[in-house]
Amino acid sequence: QVQLVESGGGLVQPGGSLRLSCAASGFTFSNYAMTWVRQAPGKGLAWVSDVTSAGDSTYYADSVKGRFTISRDFTKKTVHLQMNSLKPEDTATYYCYADTSPSTWGQGIQVTVSS
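Please read all numbers here as calculations on a predicted model, not as lab measurements.

Participant: Which residues make up the nonpolar core, and what values do they have?
Facilitator: Ranked by size, the top nonpolar core spans 28 residues in total, and within it Trp-36, Leu-81, Met-83 and Tyr-94 carry the most contacts. For this core, the elements supplying multiple residues, two or more each, are strand E3 (18–25), strand E4 (34–39), strand E5 (45–51), strand E7 (68–73), strand E8 (78–83), strand E9 (92–98) and strand E11 (109–113). Apart from residues no more than four positions distant in its own chain, Tyr-94 is found in contact with Glu-6, Leu-20, Trp-36, Val-37, Arg-38, Val-48, Phe-68, Leu-81, Met-83, Gly-108, Ile-109 and Val-111.

Next comes the structure, spelled out in structure tokens:
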């Protein structure tokens, strides 16, 4: 069964940190780039970050550059998103995504940044 399962979300104060994880199963993890996207309340999906299939290149939206770090663990078939210096505007449901055919999406995990 092809599956992505996110974990690590929650409520954090502005300036705080969270680490999201996305565990993959049912497909060859090392063959696919992995992506994080997010959806803020009342808004559409927004791309956050990519990591290549080999893990050797990473890409970030301008809004998170310098604060978020994406990485992948091939042993655990997991992709992480380390989020530092969080802002209220980072509040969203975060999804991980793999460009399998058909594409594979996680169930989403809530991140709330509020004092």
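Participant: Explain unusual backbone geometry to me, and be specific about the residues and the numbers.
Facilitator: Looking along the chain, the bond that leaves Ser-101 and enters Pro-102 is cis, with omega of 0°. Its place among the elements puts Pro-102 in the loop between E9 and strand E10 (104–105). If you check the backbone angles, Lys-77 has positive phi at about 50° while not being a glycine. Within the secondary structure, Lys-77 is located in the loop between E7 and E8. With relative accessibility at 40%, the residue Lys-77 sits in the partly exposed group.

What counts and how
Residues numbered from 1 in each chain as written. Predicted model: local features only at pLDDT ≥ 70, side-chain atom pairs only at ≥ 80, totals over all residues. Heavy atoms only, no water. Core = buried A, V, L, I, M, F, W, Y, C linked by side-chain atoms within 4.5 Å. Buried < 20%, exposed > 50% of the residue type's maximum accessible area, 1.4 Å probe, protein only. Helix = DSSP H or I, 4+ residues; strand = E, 2+ residues; numbered from the N terminus. Contact = heavy atoms within 4.5 Å.

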